[in-house]
Amino acid sequence: MSQVDKLQDAEEQVAQMREEAATTAREEATADLRKAPLSDTATKAHTTVTAPLTQVRTMVNMRVGALPDLHELAVSIKETGLLHPPLVRATGEDDVPYELLAGRRRFAAMTLLDEAEGAREDWRFTVVDGISKREALTMQFAENFHQSKPEPVQFARAARAIMAEDPSLSAAEVSRLVGAPLAWTRKSLKLLDLPEAVVQRVEEGDLSFTVADIVRRGIARGDVSAEEATELVEQATKGEISTAGLKLGVGYVPPKPKNYDEESRKLDEARWAASREQGLGKDQDAEQRDWDGGGSSSGNGSQGGPIRDGGEMGGDSRRIVASFGPDRDGADGAPIEVDVTDLDAYVLGLVLSRVATADHRSHVGVEGGHEATQEYAFSLPPDRRLEVLRALSAEILASDPLPPKALRAVLPATA
């Protein structure tokens, strides 16, 4: 089969897979629409009434802040009429017999017209019979969500208010009632587990939804206390540390990229190739040959050259055999065993002292030279050393103006 035929077959397979995925998605959406509703809100009777605005009270709205384009809406109502009367429910009170359910912007525009032309007695409203407090909150929630996605903390507080009215409701049921994505609802609700000072930063727009969730997970794992996390967030909002520094401070470890092992191999090869191009000496060429050949000429991997596949473990995967030259103080060339977690700490200390910038070191709270970085590295619990090293490596790679050729294809393009 020719290359052209192979390419055509591959394209047809991809097209078929996409069509099957689209069909499955349509079937799932149809099945979802056929589900029975969780409540009978949609079937409740609607009645049109007329009343002055003074007879309608407003609920505390889930969305805060100024309402947009009220003047334009008021002009539209004056010119074309009130096409969709606001929804209300009966309160049972003589002085204020109605409560607004949906149509806050329309109600505010109607108020502008009353202020400009005098109060009207014949504003039209649609009364929905038998609406409970939970249903009222749900209707308001749904209207706000579908007009424009609300700020996450407001969304979470509204969802929690609905669940407080009916404790039997789950997050999945609230999501279905208002037509919101379940993942978004769950993630928003979890924001309320954060310290209030951090929640406030999210509300004010100083901290993104995504980074706030990373902070929350760091607290939940025990990598950082609530007080420490709050302090890190304050430092980030004041510009004292970067967002990357904040994530590193709460224990965030970037997920391993796709094809991690293959890309690591390519990175090693690129580094060796760069060393040869720069003419760094015959010793490195010999070392590269040892790498390619699986160790030294003796074949035991313990006399010079990188150790492959974890070296000689001596039956314990937590230890590795290393060999030191006779010029090393106290070393006679005999191999010794080193704990791999200590090697992680050693490499982390080297990266911090010799590769990382002062800004990188400040992110992890290290001040000083080689001894200080090594002391910090060895002070970490063994299971955290490699995590911090990888996170730090990712930060260094992200700021590298000339990343290795082998990684350029997977890194975002820069201007």
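This one's a predicted model, so the numbers in the text were calculated from it and none came from an experiment.

### A word on the overall build of the protein chain
Stage number 1. Along its length, the protein chain carries 18 helices and seven strands.
Stage number 2. Within the protein chain, the fraction of its 415 residues that count as buried is 35%.
Stage number 3. Entry remark: accessible area of the protein chain is about 25000 Å², with carbon and sulfur atoms responsible for 51%.

### A short note on the side chain of Thr-138
Stage number 1. Among the structural elements, Thr-138 can be located in helix 4 (residues 133–147).
Stage number 2. Among the residues examined, Thr-138 registers a relative accessible area of 7% and is labelled buried.
Stage number 3. In terms of polar contacts, Thr-138 uses its side chain to reach the backbone carbonyl oxygen of Arg-134, at 2.8 Å.
Stage number 4. Sequence-distant contacts of Thr-138, that is, excluding residues within four places in its chain, are made with Ile-162, Leu-177 and Val-178.

### Topic: the pattern of salt bridges
Stage number 1. Applying the stated rule across the entire model yields 18 salt bridges.
Stage number 2. Between Arg-157 and Glu-203 there is a salt bridge, with the nearest N and O atoms lying 2.9 Å from each other. Of the two residues, Arg-157 sits in helix 5 (residues 152–165) while Glu-203 sits in helix 8 (residues 196–203), which places them 46 residues apart along the sequence.
Stage number 3. Looking at Glu-203, the relative accessible area reads 32%, which means it is partly exposed.
Stage number 4. Between Arg-201 and Glu-234 there is a salt bridge; the shortest N-O distance is 2.8 Å. Of the two residues, Arg-201 is situated in helix 8 and Glu-234 in helix 10 (residues 226–237); the sequence distance between them amounts to 33 residues. Glu-234 shares its class with Arg-201; the two are buried.

### What to know about the sheet that holds strand 4 (residues 98–102)
Stage number 1. Ordered by their spatial adjacency, five strands build an open sheet running 1-5-3-4-2, and the pairing between neighbours is mixed. The open sheet has two edge strands with one neighbour each: strand 1 (46–51) and strand 2 (56–58). The average undirected angle you get between the axes of adjacent strands in this sheet is 45°.
Stage number 2. Across the face of the sheet, helix 3 (residues 104–117) comes into contact with strand 2, strand 4 and strand 5 (123–128) while running at roughly 155° to strand 5.

### With respect to helix 17 (residues 382–398)
Stage number 1. Here helix 17 spans 25 Å end to end across 17 residues, near enough to the 24 Å set by a 1.5 Å rise per residue.
Stage number 2. Among all positions of helix 17, only Arg-384, Arg-385, Val-388, Leu-389, Ala-391, Leu-392, Glu-395 and Ile-396 are buried.
Stage number 3. Where helix 17 is buried, its residues touch helix 11 (243–249), helix 14 (340–355), helix 15 (358–363) and helix 16 (370–379).

### Points about the environment of Val-224
Stage number 1. Along the chain, Val-224 turns up in the loop between helix 9 (209–221) and helix 10.
Stage number 2. Look at Val-224 and you get buried, because its relative accessible area is 6%.
Stage number 3. With 27 residues separating them in the primary sequence, Val-224 and Gly-251 have C-alpha atoms 7.3 Å apart.
Stage number 4. Those residues in contact with Val-224 that lie beyond four places of it in its chain are Gly-218, Ile-219, Ala-229, Leu-232, Gly-249 and Val-250.

### Focus on the packing of helix 14 against helix 16
Stage number 1. At their nearest, the axes of helix 14 and helix 16 sit 8 Å apart, and the two run at 145° to each other. Crossing geometry of helix 14 relative to helix 16 is assigned as right-handed. On helix 16, the residues touching Asp-342, Ala-345, Tyr-346, Leu-348, Gly-349, Leu-350, Leu-352 and Ser-353 of helix 14 are His-370, Thr-373, Gln-374, Tyr-376, Ala-377 and Phe-378.
Stage number 2. Here the contact of helix 14 with helix 16 is composed, by residue class, of eight nonpolar, five polar and one charged.

### Details of the confidence of the model for the protein chain
Stage number 1. A residue-level look at the protein chain finds 75% of positions with pLDDT of 70 or above and a mean pLDDT of 78.
Stage number 2. The secondary-structure element of the protein chain with the lowest mean pLDDT is helix 13 (residues 282–293), recorded at 48, while strand 5 shows the highest, at 95.
Stage number 3. Of the regions scoring below 50 in pLDDT, residues 286–316 engages in 38 contacts with residues more than four places distant in sequence or in other chains.

### Observations regarding a negative patch on the surface
Stage number 1. There is a patch of like negative charges on the surface, built from Asp-5, Asp-9, Glu-11 and Glu-12.
Stage number 2. Relative to the helices and strands, Glu-12 is located in helix 1 (residues 3–33).

### Focus: the packing of helix 6 (residues 171–178) against helix 7 (residues 182–191)
Stage number 1. Two elements in contact, helix 6 and helix 7, have axes separated by 9 Å at closest approach and are oriented at 125°. One finds that helix 6 runs oblique with respect to helix 7. Crossing of helix 6 against helix 7: the hand is right-handed. Residue-level contacts link Ala-171, Ala-172 and Ser-175 of helix 6 to Leu-182, Thr-185, Arg-186 and Leu-189 of helix 7.
Stage number 2. Along the lines of polarity and charge, the residues of the contact of helix 6 with helix 7 split into four nonpolar, two polar and one charged.

### Quick word on the packing of aromatic side chains
Stage number 1. As enumerated under the stated definition, the model contains three aromatic pairs in all.
Stage number 2. Among the aromatic residues, those joined into a ring-pair cluster are Phe-155, Trp-184 and Phe-209.
Stage number 3. One cation-aromatic arrangement involves Arg-120 over Trp-123; the distance from NZ or CZ to the ring centre is 3.9 Å.
Stage number 4. Directly above the aromatic system of Phe-209 lies the positively charged group of Lys-187, at a separation of 5.3 Å from the ring centroid.

### Observations concerning the pairing of strand 4
Stage number 1. Of all five residues in strand 4, five are buried, a share of seventy percent or more.
Stage number 2. Sheet topology places strand 2 next to strand 4; three bridges connect them, and they run parallel. Its bridge partner being in strand 4, Arg-57 is matched across the sheet by Glu-99.
Stage number 3. Bridge count for strand 3 (residues 87–90) against strand 4 is four bridges, and the pairing is antiparallel. Paired with Val-88 across the two strands is Leu-100, which belongs to strand 4.

Conventions we followed
- Residues numbered from 1 in each chain as written.
- Predicted model: local features only at pLDDT ≥ 70, side-chain atom pairs only at ≥ 80, totals over all residues.
- Heavy atoms only, no water.
- Helix = DSSP H or I, 4+ residues; strand = E, 2+ residues; numbered from the N terminus.
- Buried < 20%, exposed > 50% of the residue type's maximum accessible area, 1.4 Å probe, protein only.
- Areas by Shrake-Rupley, 256 points an atom, 1.4 Å probe, with all protein chains shown as cover.
- Polar contact = N/O pair within 3.5 Å; in protein donor to acceptor, adjacent residues only side chain to side chain.
- Contact = heavy atoms within 4.5 Å.
- Salt bridge = Lys/Arg side-chain N within 4 Å of Asp/Glu carboxyl O.
- Pairing = 2+ DSSP bridges.
- Axes fitted to C-alpha atoms, helices over the stretch in contact; angles between N-to-C directions.
- Expected span 1.5 Å × (residues − 1).
- Left-handed = near helix turned anticlockwise from the far one by under 90°.
- Nonpolar A, V, L, I, M, F, W, Y, C, P; charged D, E, K, R; others polar.
- pLDDT = per-residue confidence, 0-100.
- Patch = residues over 30% accessible without salt bridge, like charges linked within 9 Å, V, L, I, M, F, W, Y side chains within 5 Å.
- Lys, Arg positive; Asp, Glu negative; His and termini not counted.
- Charge placed at Lys NZ, Arg CZ, Asp CG, Glu CD.
- Parallel < 35°, antiparallel > 145°, perpendicular 65-115°, else oblique.
- Phe/Tyr/Trp six-rings, centres within 6.5 Å; stacked < 30°, edge-to-face > 60°.
- Lys NZ or Arg CZ within 6 Å of the ring centre and 35° of its normal.

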